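Listed below, chain by chain, are the residues.
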Amino acid sequence: MHVISYKRLREYSEKHADCRDALDDWYKTANQADWSNLIDVQSIFPKAEAVINFTVFNIKGNKYRLVVDINYEKQLIYIKYILTDAEYDKEDWKNDPYF
């Protein structure tokens, strides 16, 4: 998989330093993965789940949520949102016009 873009992860972790290592680990794993569906994703990240058109990863024990769009055919992961658990629970992000 090719993750677009690491820059978003880096910028977020500059503001939330406690998730830097967890986001880096996720990036390294995802960037080396060859996933063809959600079941493949869940074999590595068992708590990953489909939410609307996105895949949501729990980061740092559910303290953060990483919301991505995965194109399995093209082997691309687009980072859409990185949210704290409180931000994720507000569900404002689900009003995104790209849903």
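Basis of the calculations
- Residues numbered from 1 in each chain as written.
- Predicted model: local features only at pLDDT ≥ 70, side-chain atom pairs only at ≥ 80, totals over all residues.
- Heavy atoms only, no water.
- Helix = DSSP H or I, 4+ residues; strand = E, 2+ residues; numbered from the N terminus.
- Salt bridge = Lys/Arg side-chain N within 4 Å of Asp/Glu carboxyl O.
- Buried < 20%, exposed > 50% of the residue type's maximum accessible area, 1.4 Å probe, protein only.
- Core = buried A, V, L, I, M, F, W, Y, C linked by side-chain atoms within 4.5 Å.
- Contact = heavy atoms within 4.5 Å.
- Polar contact = N/O pair within 3.5 Å; in protein donor to acceptor, adjacent residues only side chain to side chain.
- Phe/Tyr/Trp six-rings, centres within 6.5 Å; stacked < 30°, edge-to-face > 60°.
- Lys NZ or Arg CZ within 6 Å of the ring centre and 35° of its normal.

Colleague: Honestly, unusual backbone geometry in this entry has me stumped. Any pointers?
Modeller: Outside of glycine, negative phi angles account for most residues, and trans bonds account for most peptide bonds. In this structure, Ser-5 follows Ile-4 across a cis peptide bond, with omega equal to 0 degrees. Mapped onto the fold, Ser-5 is located in the loop between strand S1 (2-4) and helix H1 (6-15).

Colleague: How do you make sense of the pattern of salt bridges when you look at a structure like this?
Modeller: Side-chain pairing between opposite charges can occur once the charged atoms of the two side chains come close. For the structure on display, the rule yields 3 salt bridges. The salt bridge involving Lys-63 is made with Asp-18; its shortest N-O contact spans 2.7 Å. Remark: Asp-18 occurs in the loop between H1 and helix H2 (20-32) and Lys-63 occurs in the loop between strand S3 (54-59) and strand S4 (64-71); sequence separation between them is 45 residues. For Lys-63, a relative accessible area of 43% translates into the label partly exposed.

Colleague: Got a minute to help me understand the nonpolar core in this structure?
Modeller: Where a protein is soluble and globular, its nonpolar side chains tend to be buried together. Residues Trp-26, Phe-57, Leu-66 and Ile-77 are the most contacted members of the largest nonpolar core, which totals 22 residues. Among the nonpolar cores identified, the runner-up in size contains 7 residues, and Val-56, Val-67, Tyr-81 and Tyr-88 belong to it.

Colleague: So what exactly am I meant to see when it comes to the side chain of Ser-13 here?
Modeller: Its place among the elements puts Ser-13 in helix H1. Sequence-distant contacts of Ser-13, defined by excluding residues within four places in its chain, comprise Cys-19, Arg-20 and Leu-23.

Colleague: Help me understand the side chain of Arg-65 in this model?
Modeller: Within the element layout of this structure, Arg-65 appears in strand S4. A polar contact is formed between the side chain of Arg-65 and the side chain of Asp-85, at a distance of 2.8 Å. Filtering out sequence-adjacent residues up to four positions away, Arg-65 remains in contact with Val-56, Phe-57, Asn-58, Tyr-81, Ile-82, Leu-83, Asp-85 and Tyr-88.

Colleague: What should I look at first to understand the packing of aromatic side chains in this one?
Modeller: Aromatic ring pairs are defined here through the distance separating the ring centres and the angle between the ring planes. Under the defined criterion, the tally for this structure stands at 6 aromatic pairs. With a centroid separation of 6.0 Å and an interplanar angle of 85 degrees, the aromatic rings of Tyr-12 and Tyr-64 are classed as edge-to-face. With a gap of 52 residues between them, Tyr-12 in helix H1 and Tyr-64 in strand S4 connect regions that are remote in the sequence. For Tyr-12, a relative accessible area of 13% puts it in the buried group. Overall, Tyr-64 belongs to the buried group, its relative accessible area being 4%. Through a chain of ring-to-ring contacts, the aromatic side chains of Trp-26, Trp-35, Phe-45 and Phe-57 assemble into a single cluster. Positioned over the ring face of Tyr-88 is Arg-65, at 4.4 Å from the centre of the ring.

Colleague: Please explain the environment of Leu-9 as it appears in this structure.
Modeller: Within the secondary structure, Leu-9 is located in helix H1. The class for Leu-9 is buried, based on a relative accessible area of 2%.

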